[in-house]
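Okay, here's what each chain looks like letter by letter:
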Amino acid sequence: MDIEGPIKIGVLDREDGSGRELHISFRDDFSAMDVPGRDQTFRAYLLNLHEGIQALSEGDPNRAGMLIVQQICEQLLPHIAADEIPLSETLVVEIEQTPGVNLAELLGTPAQ
């Protein structure tokens, strides 16, 4: 399942084999918005994530991956609203490998 929204997410295996990294970057059209527009767009994205998560069963591996993305985005929201994040940079989030969660499949990105 692809997650559409203001961010692009890539998944890479960590070199030490202990998990994966999410590489999060912001889409150009999102970066070009004014701060109130980015705040509103990001809040709408979080709402869509929430609705998508609720529509999936508890055991669906896409649901678990979407919850990870939702948690990260909830942490980013206040910083986006305050214009504290350089949107031209890629954020890297290290994630331990979780059984039953296939982030590469969720994001439609082959792990490298």
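Residues numbered from 1 in each chain as written. Predicted model: local features only at pLDDT ≥ 70, side-chain atom pairs only at ≥ 80, totals over all residues. Heavy atoms only, no water.

Peer 1: It is not clear to me how the overall build of the protein should be interpreted in this structure. Could you clarify?
Peer 2: Helix and strand content of the protein: 4 helices and 3 strands. The order of α-helices and β-strands along the protein, N terminus first, is β-β-α-α-α-β-α. When the 112 residues of the protein are sorted by exposure, 40% land in the buried category. Long-range contacts, defined as pairs at least 24 residues apart, comprise 66% of the intrachain contacts of the protein with a sequence gap of at least 6. Total accessible area on the protein stands at roughly 6400 Å², and carbon and sulfur atoms take up 48% of it. (Helix = DSSP H or I, 4+ residues; strand = E, 2+ residues; numbered from the N terminus. Buried < 20%, exposed > 50% of the residue type's maximum accessible area, 1.4 Å probe, protein only. Contact = heavy atoms within 4.5 Å. Areas by Shrake-Rupley, 256 points an atom, 1.4 Å probe, with all protein chains shown as cover.)

Peer 1: I keep staring at the environment of Pro36 and nothing clicks. Help me out?
Peer 2: By the secondary structure assignment, Pro36 is in helix 2 (residues 35-54). Taking the C-alpha atoms as reference points, Pro36 and Ile80, separated by 44 residues in sequence, lie 9.4 Å from one another.

Peer 1: Teacher, can you tell me more about the pattern of salt bridges here?
Peer 2: All told, the structure shown has 6 salt bridges when counted by the stated rule. For the salt bridge of Arg38 with Asp83, the shortest nitrogen-to-oxygen distance reads 2.7 Å. Remark: Asp83 occurs in the loop between helix 3 (61-81) and strand 3 (91-96) and Arg38 occurs in helix 2; sequence separation between them is 45 residues. Overall, the relative accessible area of 7% leaves Arg38 in the buried class. (Salt bridge = Lys/Arg side-chain N within 4 Å of Asp/Glu carboxyl O.)

Peer 1: Which parts of the structure should I look at to understand the pairing of strand 1 (residues 7-13)?
Peer 2: On a regular strand, one side chain projects to one face of the sheet and the next to the other, so that they alternate. Summarising the sheet, strand 1 and strand 2 (residues 19-26) pair through 7 bridges and their orientation is antiparallel. Across the sheet, the residue bridging to Leu12 is Glu21, located in strand 2. Between strand 1 and the antiparallel strand that follows it, strand 2, lie 5 residues; Gly17 among them carries a positive phi value of about 75 degrees. (Pairing = 2+ DSSP bridges.)

Peer 1: Please explain the nonpolar core as it appears in this structure.
Peer 2: As a rule of thumb, nonpolar side chains are buried together in soluble globular proteins. Ranked by size, the top nonpolar core spans 24 residues in total, and within it Ile7, Leu22, Phe26, Phe42, Tyr45, Cys73 and Ile80 carry the most contacts. Within the residue set of this core, elements represented by two or more residues are strand 1, strand 2, helix 2 and helix 3. When residues of this core are assigned to their parent elements, the largest contribution, 8 residues, is made by helix 3. In contact with Phe42, not counting residues within four places along its chain, are Pro6, Ile7, Phe26, Phe30, Cys73, Leu76, Leu77 and Ile80. (Core = buried A, V, L, I, M, F, W, Y, C linked by side-chain atoms within 4.5 Å.)

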